[in-house]
Structures are given as C-alpha cells and as structure tokens.
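Chain by chain, the residues:
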Amino acid sequence: MLDRNRMPAVRLDTSVPALLVRIGHYPVHAGTLGVVRSLGRLGVPVYVITEDRLTPIALSRYVVGRFVWPHSQWHDTGRLVENLCAIGRSIGRPVVPVATDDEAAVLLAEHAATLGEHFLLPRVAPTLPRRLASKRGLFELCAAHDVPTPHTVFPTSREDLLRLAGELTFPVVAKNVAPWTRLRAAAVPTTTIVSSAPELLNRFAGFDDLSRVLLQEYIPHEQAEDWFVHAYCDEGSATALSFVGRKAYAWPPGRGCTADARSARNPALSALTERFCKEIGYRGVNDLDWRYDRRDGRLKLVDFNPRVGAQFRFGQTEDGVDVVRALHLAMTGRTVPAGDQDCSRRLIVENLYAPARVLHRLARLPVPAATPGVRSHGAWLEGSGPDPLPVLAMVLRFGGQAVASVSRAAYRRVRLRLAGRSRTSTRFRSHAGRPGGSR
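All of these numbers come straight from a predicted model, not from anything done at the bench. (Residues numbered from 1 in each chain as written. Predicted model: local features only at pLDDT ≥ 70, side-chain atom pairs only at ≥ 80, totals over all residues. Heavy atoms only, no water.)

We now examine helix α10 (residues 267–280). With 14 residues, α10 extends 20 Å between its outermost C-alpha atoms, agreeing within 8% with the 20 Å of an ideal straight helix rising 1.5 Å per residue. Three or more residues of α10 are buried, namely L269, S270, L272, T273, R275, F276, C277 and I280. Taken together, the buried residues of α10 touch α5 (128–133), α6 (135–144), β9 (224–233), β10 (239–251), β12 (284–293) and β13 (298–305). Once α10 finishes, G281 follows within two positions and takes phi at roughly 75°, a positive value. (Helix = DSSP H or I, 4+ residues; strand = E, 2+ residues; numbered from the N terminus. Expected span 1.5 Å × (residues − 1). Buried < 20%, exposed > 50% of the residue type's maximum accessible area, 1.4 Å probe, protein only. Contact = heavy atoms within 4.5 Å.)

Below, the structure written as structure tokens:
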C-alpha cells in the first residue's frame, strides 16, 4: 500500500513543465489546485491560466508562472489560440497542457496542428472532444455504440416546445447542448430540473431558437446512484489507468459538483467505460459521469468530459499515480505503470461539503453507506502543509457565499424533491443498449 507520508515512487520528467488551460470563469476550484499540487510536489514546474493573480491556484508555491486572461476573450477562438502560442513561446520549451474545462479540451484538440509546435498533446481525433462534450453528440455516440444513456430530446423551435410540453411527464432535466453555449449564450445557467409544463413554457418564453437546449429523462434520486470514472487512455485508445468512484454528496445536491467522492470497485462499469473509449478512439484524460437507474438496473452515461475532472484526486493507484501524472508520463515518452486502484481514498471538497450535506439532509436524499477502512482526504487540505496560501484564499473568497447559497437554495431544493417524488417520469425510455451491470 502507498505510504501517505511519502512521495509516490513514480518519477516524472521535471524538465518538461505543465500548463493548466482553462477558459471558463471559476476562481475557487479545488480540482485545479489538485493538478498543481499533484505535479508540483513531484518537481514539475507548473504554469497556470487564471482569472486574476489572487485566485487560490495563483498563490500556490508550486506555480512558477501565471497568465491572466481577460474573461471577455472566451468567445474569440482565434485570439485564444494566439494567446496559447504566445504562452508556449514565453515558456520556451515543450509543455504538457492540462485542460480543466470542456472548452479548453475542445480548443486544444481542434487546433492541435497549430498548438503542437509548443505543446505535447494526445493524438485524439480533432472533432471527437467537441462531440463528446456536446450532449447531442454524446447521445448519438451512445446510441451508435450500444451504451445506455438517459433518453434525450432536442427541441429546435417554440412549436417543438409546445408539443413536448403536452407529451412529456414531468419533471424533466434541462441542459445546455454544447460547452461553448454556456459561456456565450447559456439557455440555462446549469443543469436545471423543470417540474411542470407551465414552468417549461415560462422558462423558455423568450426563446425563438431552442437549439441550444435539451430536455432529458429525469431519474428520481430515490431510484438512482451517481457513479463516475476517471481514466487515462493511451495512443491505442486502451485504458491505461481507470478509477471508479461514487458521488455521496453534490453541490447543488443531486445535480452539481462532487462534494464527497468515494473510491469504489465496479468491474462492470470499468469494462463498459473501457469498451466505449476504445470503440470511439479516445486518447488522453477523461471524466465520465454515470447514473445507475434502479428502475431498469442499468448504468446510464450522463456526461463525458474530455478533460481532467474536478474530483480527480479521489483516484490513484496504490503507488500514487493519478490521471494527471499518467498524462505527463505518457506525453514525455515514459511508461504509465499499471496498478490497482487505492480504494481506501475518500475525497472531501471542504468548501462544498458542509452546504451540500445540509441540503441533502433537508431534502432527505439518499447517501451511500460508509465503507470500512476508508481514509478521508481534503481536496484543499491535502498537501497544504508546505502550501497554505490557496486554502486561505479559498476561505476569504468563498466563506460568505456558502452561507448565502444554503439560505437561498434550501427551500427550492425541498420543493423540487417533493415535486420529483409526486411526478416521476414514466414516458421516457432509455434506448436499447446492454445493461452496464449493477453496483
């Protein structure tokens, strides 16, 4: 077993720096800090793109260079590519980029021919990350490769919406179709549960073009389990490393970021993930969200994020290799060592855990039972001994928001829970696909 008081035995090429590439605006984010510390603690110089010079990751002792991008540039792809090339020239040596949002992953893949002069990139098909990040593209790929997924409809006009309002049984889930739309012109601010036909029509009353939104099967929380897989796929699209976990608490509850990630074993889910990645030819780091539906006994793929996941530090081998370290090893020509998942790890995202737990209890949502022998690790506190400033910055920037968020959301979450239990969806059906197996 890994001695948690020492560094992993794996050695990275410390002559090759890494760059965190982010396009979205999320200054308080434990996942990006996890990337910085995972590589920085092993001696890799880490550069970051950040919202300002006082974000938590910008204050980490492991960061050797900071690049502040104006938030207004996210819509200008040409400018973003120029900025990345300028960063590559300023660093002056090959760099391993780590995408921390879907937009960054899409940008790196679609412009790999230009960016390859400065960056070491997996040779993934240029169009694949956009298809996977797009809900429509993912739904089509799942159907083509016999992978269960929640049934989804894609309205394009007001007439479609009026028809669906009369056909669907509520609640349903509304999402943005593609990653770029949430930055440029989001149809909904985040994954949104719509409780009734009048609410659906009112929410999108001002939309003539509804091609940016989708409506998805709602799986009641009482009948569901949230699972995820983080993996690294090699140049042959074989899964070199794979880590399985369960989401115990989320913020916002039932639909948001992971606040409590617990390592777990699920051979059927691992096999289903590995088959899908192989068949679509995926290469690089990924983060897949699955939902186990007790009503039909299937694991259904909800999201395929073609980049590192926010809670990736929940998973590592017993020798201490996580997906970010695997990426750096592979991109620098080193072997990614195989190893068993350390299933004793539980990752707590401290700034999200307390408000998530409060609202879970208010809404009486189910929580996975504790596993004996599991050790909890703080997403912010792990490795903070020599690197305390990011934690301080997080507390200063987030503290008041947590209290305010709980106050605003508590009543809404209880109302949605009650609506969901009284009107669960029966008309949606998952498309034909092989079962992913049970827990």
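Okay, the packing of aromatic side chains next. One pass over the structure, following the stated rule, counts seven aromatic pairs. Residues F139 and F154 carry aromatic rings whose centres are separated by 6.2 Å and whose planes lie at 65° to one another, so their mutual orientation is edge-to-face. One end of the pair, F139, is in helix α6; the other, F154, is in the loop between β5 (152–153) and α7 (158–167), and 15 residues separate them in sequence. On the accessibility criterion, F139 (15% relative accessible area) is buried. (Phe/Tyr/Trp six-rings, centres within 6.5 Å; stacked < 30°, edge-to-face > 60°.)

Turning next to the state of the cysteines. Throughout the structure, instances matching the rule amount to zero disulfides. C277 carries a free sulfur, and the closest cysteine sulfur to it, the one in C233, is 4.0 Å from it. You can call C277 buried: its relative accessible area is 0%. (Disulfide = S-S within 2.5 Å.)

With that out of the way, let us pick up the confidence of the model for the protein chain. Here the protein chain shows a mean pLDDT of 88. Residues at 70 or above account for 86%. Taken as a whole, residues 1–5 scores under 50 in pLDDT and shows 12 contacts with residues more than four places along the chain or in a different chain. Across residues 422–439, where pLDDT falls below 50, the model places 63 contacts with residues more than four positions away in sequence or in other chains. (pLDDT = per-residue confidence, 0-100.)

We now examine the environment of H328. The topology assignment puts H328 in helix α11 (residues 323–331). A relative accessible area of 1% places H328 in the buried class. Sequence spacing of H328 and V16 is 312 residues, and the spatial spacing of their C-alpha atoms is 8.6 Å. Residues contacting H328, with those up to four places away along its chain left out, are L12, D13, V16, P17, L39, V44 and V96.

Glancing now at the pattern of salt bridges. Per the stated rule, a full pass over the model turns up 26 salt bridges. Residues R22 and E51 are paired through a salt bridge, measuring 3.0 Å at the closest nitrogen-oxygen approach. With R22 in the loop between β1 (18–21) and α1 (30–40) and E51 in the loop between β2 (46–50) and β3 (63–68), this pair connects stretches of sequence that are 29 residues apart. The exposure class assigned to R22 is buried, which follows from its relative accessible area of 3%. Residue E167 pairs with R163 through a salt bridge whose shortest N-O separation is 3.3 Å. With a gap of four residues between them, E167 and R163 both fall in helix α7, about one helical turn apart. Each of the salt bridges in this network shares a partner with another, and the network as a whole consists of E217, D293, R295, D296 and K300. (Salt bridge = Lys/Arg side-chain N within 4 Å of Asp/Glu carboxyl O.)

Here we take up the packing of α1 against α11. In the contact formed by α1 and α11, the axes pass within 9 Å of each other and the chain directions differ by 55°. Here α1 is positioned oblique relative to α11, judged by the angle of their axes. The two elements α1 and α11 meet at a crossing, and its hand is right-handed. Between α1, through V35, S38 and L39, and α11, the contact on the second element is made entirely by V324, R325 and H328. (Axes fitted to C-alpha atoms, helices over the stretch in contact; angles between N-to-C directions. Parallel < 35°, antiparallel > 145°, perpendicular 65-115°, else oblique. Left-handed = near helix turned anticlockwise from the far one by under 90°.)

On to α11, then. For α11, a buried count of eight out of nine residues is recorded, marking the element as mostly surrounded by other parts of the structure. Buried within α11 are the following residues: V323, V324, R325, A326, L327, H328, L329 and M331. On its buried face, α11 sits against α1, β4 (96–99), β9, β10 and β12. Measuring from the backbone nitrogen of V324 back to the side-chain oxygen at the start of α11 gives 3.1 Å, which picks out D322 as the cap. (Polar contact = N/O pair within 3.5 Å; in protein donor to acceptor, adjacent residues only side chain to side chain.)

A word on the sheet that holds strand β7 (residues 192–194). Spatially, the four strands line up as an open sheet ordered β5-β8-β6-β7, and their pairing is antiparallel. Where the open sheet ends on each side, the last strands, each with one partner, are β5 and β7. (Pairing = 2+ DSSP bridges.)

On to the sheet that holds β3, then. One open sheet accounts for four strands, arranged β3-β2-β1-β4; its pairing is parallel. Sheet topology places β3 and β4 at the edges, where each strand pairs with a single neighbour. Ignoring strand direction, the axes of neighbouring strands in this sheet form an average angle of 20°.

Attention now goes to unusual backbone geometry. The omega torsion across F170 and P171 is 5°, close enough to zero to call that bond cis. Tracing the chain through its elements places P171 in the loop between α7 and β6 (172–176). In the Ramachandran plot, D146 falls in the positive-phi region, its phi being about 60° despite a non-glycine side chain. One can find D146 in the loop between α6 and β5. One non-glycine residue, S237, lies in positive phi territory at about 65°.

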